[in-house]
Amino acid sequence: MKRFPTLLLSLLLLAPATVLAQQTAERSAAYTVETGDRWLDAQLQDINHYAERYPDAFLDEVSRYANVPRGYVSALFTTHGWQAGDIYFACFWAKASGQTCRDSVRAFSQNPEGGWEAVVTRMPVKPDNLHVRAVRHAIVASYEHWDRPITLDATLKRQLKR
């Protein structure tokens, strides 16, 4: 019985740290991303705002469609303080390039200099246009899953024939 108060106290002490790490309007407003693709950067910034209001839908989307364990995505999001846009890009880039989300996270964590545009060039699988295209298409699909409007650029309009 003495364990319960100790466990409860431990959980209460950990709860504020988790809440502080979550996506907030302030964190989203300060977020900048550098993928080398302006449309992609704008969507990743918008994904941050979406994750503020709908964190569970965001976590479910990345877990389900990027094939990443939800617990890992959740830990990045709530415990390690990663921005939602960076999580999204890391996991979907990894899927597009045949790597793991952990590979992308590790590469960015070790050397974020130059943003994602530079990070992906230092990863073992060299980036190509098909990887970028796959991430862009994943974002369009996610917006459809979320029933969220999205403005396509000229390239996506041609590719998706909308």
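Each remark here, short or long, concerns the structure printed above.
Note that the coordinates shown come from a computational prediction; the quantities given were computed from them, not determined experimentally.

Thresholds, definitions, all that
- Residues numbered from 1 in each chain as written.
- Predicted model: local features only at pLDDT ≥ 70, side-chain atom pairs only at ≥ 80, totals over all residues.
- Heavy atoms only, no water.
- Helix = DSSP H or I, 4+ residues; strand = E, 2+ residues; numbered from the N terminus.
- Buried < 20%, exposed > 50% of the residue type's maximum accessible area, 1.4 Å probe, protein only.
- Contact = heavy atoms within 4.5 Å.
- Areas by Shrake-Rupley, 256 points an atom, 1.4 Å probe, with all protein chains shown as cover.
- Polar contact = N/O pair within 3.5 Å; in protein donor to acceptor, adjacent residues only side chain to side chain.
- Salt bridge = Lys/Arg side-chain N within 4 Å of Asp/Glu carboxyl O.
- Phe/Tyr/Trp six-rings, centres within 6.5 Å; stacked < 30°, edge-to-face > 60°.
- Disulfide = S-S within 2.5 Å.

For the protein, the helix and strand inventory stands at 10 helices and zero strands. Shown N-terminal to C-terminal, the secondary structure of the protein runs as helices and strands in the order α-α-α-α-α-α-α-α-α-α. Taking all 162 residues of the protein together, 41% fall into the buried category. Contacts in the protein between residues far apart in sequence, at least 24 positions, make up 61% of those at least 6 positions apart. Per element, the accessible surface of the protein, about 9,300 Å² overall, is 56% carbon and sulfur.

Right, let's talk about the side chain of Asp37 for a bit. Its location among the elements puts Asp37 in the loop between helix H2 (25-30) and helix H3 (38-53). At 2.8 Å, the side chain of Asp37 and the side chain of Arg136 are in polar contact. The residues touching Asp37, leaving out its near neighbours within four places in the chain, are Val132 and Arg136.

Below, the discussion takes up the side chain of Ser63. Looking at the secondary structure, you find Ser63 in helix H4 (residues 55-65). Taking the relative accessible area as the measure of exposure, Ser63 reaches 18% and is therefore buried. In this structure Ser63 touches Val68, Pro69, Arg70 and Val73, once residues within four positions along its chain are discounted.

Let us look at the pattern of salt bridges. This model, assessed by the stated rule, comprises six salt bridges. Across the pair Arg70 and Asp60 runs a salt bridge, and its minimum N-O distance is 2.7 Å. Taken together, the positions of Arg70 in helix H5 (residues 70-79) and Asp60 in helix H4 put the pair 10 residues apart, joining distant regions of the chain. Arg70 gets classed as partly exposed once you look at its relative accessible area, which sits at 31%. Look at Asp60 and you get partly exposed, because its relative accessible area is 30%. The shortest N-O distance in the salt bridge between Arg106 and Asp103 comes to 3.4 Å. Note that Arg106 and Asp103 are positioned in helix H7 (residues 101-110) at a spacing of three residues, about one turn of the helix. Arg106 sits in the partly exposed class, given a relative accessible area of 44%.

Time to look at the packing of aromatic side chains. Using the criterion set out here, one finds 10 aromatic pairs in the structure. With centroids separated by 4.4 Å and ring planes inclined at 20°, the aromatic side chains of Phe108 and Trp116 adopt a geometry described as stacked. Phe108 gets classed as buried once you look at its relative accessible area, which sits at 16%. Judged by relative accessible area, which is 1%, Trp116 ranks as buried. Site record: aromatic cluster; members linked through ring pairs are Trp82, Phe89, Trp93, Phe108 and Trp116.

This paragraph deals with the state of the cysteines. Cysteine pairs can be covalently joined through their sulfur atoms, and such a bond is termed a disulfide. Here the structure, examined in full by the defined rule, presents one disulfide. Here Cys91 pairs with Cys101 through a disulfide, and the sulfurs are 2.1 Å apart. A torsion of -55° about the S-S bond marks the disulfide between Cys91 and Cys101 as left-handed. Linking Cys91 in helix H6 (residues 84-97) with Cys101 in helix H7, this pair joins segments that are 10 residues apart in sequence. The same class applies to Cys91 as to Cys101, namely buried.

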